[in-house]
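Chain by chain, the residues run as shown.
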Amino acid sequence: MTGRRMTLIDPLPVVICVPARNEARALPALLDALAALAWDQPAPTVCLYLDACTDGSEAVVRSAAAAMPFALRIAVGTDRHPSNAGVARAAAMAMGLDHLAGAEGLLFTTDADSRPRRDWIAAGRAALAQADVAAGRIARRNGAADAAQSRIERYYDRLHAYRRRIDPVPWEARETHHFSGGANLAMRSSVYQAIGGFRPLPFAEDATLLDDAARAGFRVRRDGAMLVETSSRRHGRAPLGLASALRAMDDGEPQRVAHPDAMAWQWREHAAMRFGFATIADGAARASLAGRLGLSADHLLGVARDCRNAEAFAMRIVPAPPDVGTLMTLAQAEDALTLLESQWCGAAA
């Protein structure tokens with residue numbers, strides 16, 4: 001067996017689903033990284049969806065298939081139907097579901113220009129032992145050359161850590177982060193099917209899936225132990241993805257983000273609604289919860305009846321912050337977050 005022996009946490013089969021469009025240059029490094037993964041029985045299966053490639057990607061993959069230490073399934077899409085990032089990733093995941101043939105399994109997904117770390121499967125299994133969906137950390141190769149992007153990533157990591165201080169959930173990883181990219185996701189196949197899979201979106205299909213999962217009441221864990229390295233290239237398929245963000249920074253466009261106070265308001269209400277879900281049947285408690293959001297008690301009750309658990313209720317009932325559209329510079333947001341963090345530390349003391 002290829003790969004070092006590891007402690008088996010969950011015996012469910014693993015299927016790694018990867019969409020690719022004209023990635024002949026990147027695919028050899030991805031395939032090498034997949035072949036080097038440490039795994040235990042049952043062996044993983046890799047499903048590669050080649051989305052109307054015209055650059056020889058299929059030949060690259062087929063020539064590497066025989067040397068892979070586990071099964072490599074290939075599907076070739078055509079240009080007869082409109083496609084985009086969401087359509088292609090959904091097609092790759094559909095290959096994984098077809099392979100599982102109705103059985104429960106763990107679906108992993110990454111990008112063609114990415115390289116999972118050797119312990120990716122073990123880290124994903126461990127994460128999914130605690131949650132239903134796992135979003136891993138994404139590290140950019142040569143990231144030090146993109147200081148502006150690194151700075152904004154550090155800001156969002158701090159912001160997410162602050163979120164979990166004011167709205168803690170038992171399934172979150174101690175080593176958490178903010179990433180929600182399709183380059184590093186894993187989930188139970190039944191959960192993926194329950195939420196309807198990736199939407200056919202040209203961008204943000206990955207973050208949307210995580211939102212859909214939480215709104216359906218599933219536990220979404222952001223786990224830094226689950227690591228994938230990706231490229232810092234300036235040309236990508238998603239119109240508002242990482243590549244476009246890096247190009248904008250190269251062009252000197254100022255980075256503007258939502259005020260952290262607005263996000264903090266939403267997360268405090270998430271915590272209140274999650275805690276209060278068990279008291280919905282009590283009229284006075286229901287009225288108090290509804291008043292926090294400016295809603296009627298009847299509306300609150302109606303939403304609660306449609307929710308399977310407290311997580312679904314909290315994610316559905318709390319609206320976007322009223323001033324979330326007000327943007328500020330990254331430097332201003334960092335200062336505002338520092339103030340929030342200091343206030344939290346003072347309150348905790």
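For the structure given in this document, a descriptive report is provided here.

Our focus in this paragraph is the overall build of the chain. When its secondary structure is counted, the chain shows 13 helices and 10 strands. Taken over 349 residues, the chain has a buried fraction of 52%. The long-range fraction of contacts in the chain, counting pairs at least 24 apart against all pairs at least 6 apart in sequence, stands at 81%. Of the roughly 15,700 Å² that the chain leaves accessible, carbon and sulfur atoms contribute 53%.

As a further point, take the nonpolar core. Formed by 42 residues in total, the largest nonpolar core has its most connected members in Leu107, Met187, Met273, Phe313 and Ile317. At 6 residues, the largest contribution of residues to this core is made by helix α3 (residues 85-100). Leave out the neighbours within four places in its chain, and Ile317 touches Met273, Leu293, Leu295, His299, Leu300 and Val303. Grouped together as the second largest cluster of nonpolar side chains are 30 residues, Val46, Leu106, Trp120 and Val228 included.

Another aspect to go through is the environment of Ala278. Following the sequence through the fold, Ala278 ends up in the loop between α9 (260-276) and α10 (283-293). Since its relative accessible area comes to 74%, Ala278 is described here as exposed. Between the C-alpha atoms of Ala278 and Asn309, which are 31 residues apart in sequence, the distance is 9.1 Å.

Taken N-terminus to C-terminus, the directions of helix α11 (residues 297-305) and helix α12 (residues 310-317) make an angle of 135 degrees; their axes are 9 Å apart at the nearest point. With respect to α12, the element α11 is oriented oblique. The element α11 and its partner α12 pack so that their crossing is right-handed. Across the interface between the two elements, His299, Leu300, Val303 and Ala304 from α11 touch Phe313, Arg316 and Ile317 from α12. The residue makeup of the contact of α11 with α12, split by class, is 5 nonpolar, 1 polar and 1 charged.

Conventions adopted
- Each chain has its residues counted from 1, running along the sequence as written.
- pLDDT decides what is reported in this predicted model: residues at 70 or higher carry local features, side-chain atom pairs at 80 or more are listed and counted, and totals for whole chains, interfaces and linings draw on all residues regardless.
- Water and hydrogen atoms play no part in the side-chain values, which are based on all heavy atoms of the structure.
- For helices the rule is a DSSP run of H or I covering at least 4 residues; for strands it is a run of E covering at least 2, with both sets numbered from the N terminus onward.
- In this scheme, a residue with accessible area under 20% of its type's maximum is buried, one over 50% is exposed, and one in between is partly exposed, where area comes from a 1.4 Å probe on protein chains only.
- Should any heavy atoms of two residues lie within 4.5 Å, those residues are considered in contact.
- Reported accessibility uses the Shrake-Rupley method at a 1.4 Å probe radius. Residues are deemed covered only where the shown protein chains occlude them.
- The term nonpolar core refers to a set of buried residues drawn from Ala, Val, Leu, Ile, Met, Phe, Trp, Tyr and Cys, joined through side-chain atoms within 4.5 Å.
- The convention used is that axes are lines fitted to C-alpha atoms, helices contributing only their stretch in contact, and that angles between N-to-C directions extend from 0 to 180 degrees.
- Oblique is the label for any angle not covered by the other classes, which are roughly parallel (under 35 degrees), roughly antiparallel (over 145) and roughly perpendicular (65 to 115).
- Handedness of a crossing follows from how the near helix is turned relative to the far one, being left-handed for an anticlockwise turn of less than a right angle and right-handed for a clockwise one.
- In this count, Pro and Cys sit with the nonpolar residues alongside Ala, Val, Leu, Ile, Met, Phe, Trp and Tyr, while Asp, Glu, Lys and Arg are called charged and the others, Gly among them, polar.

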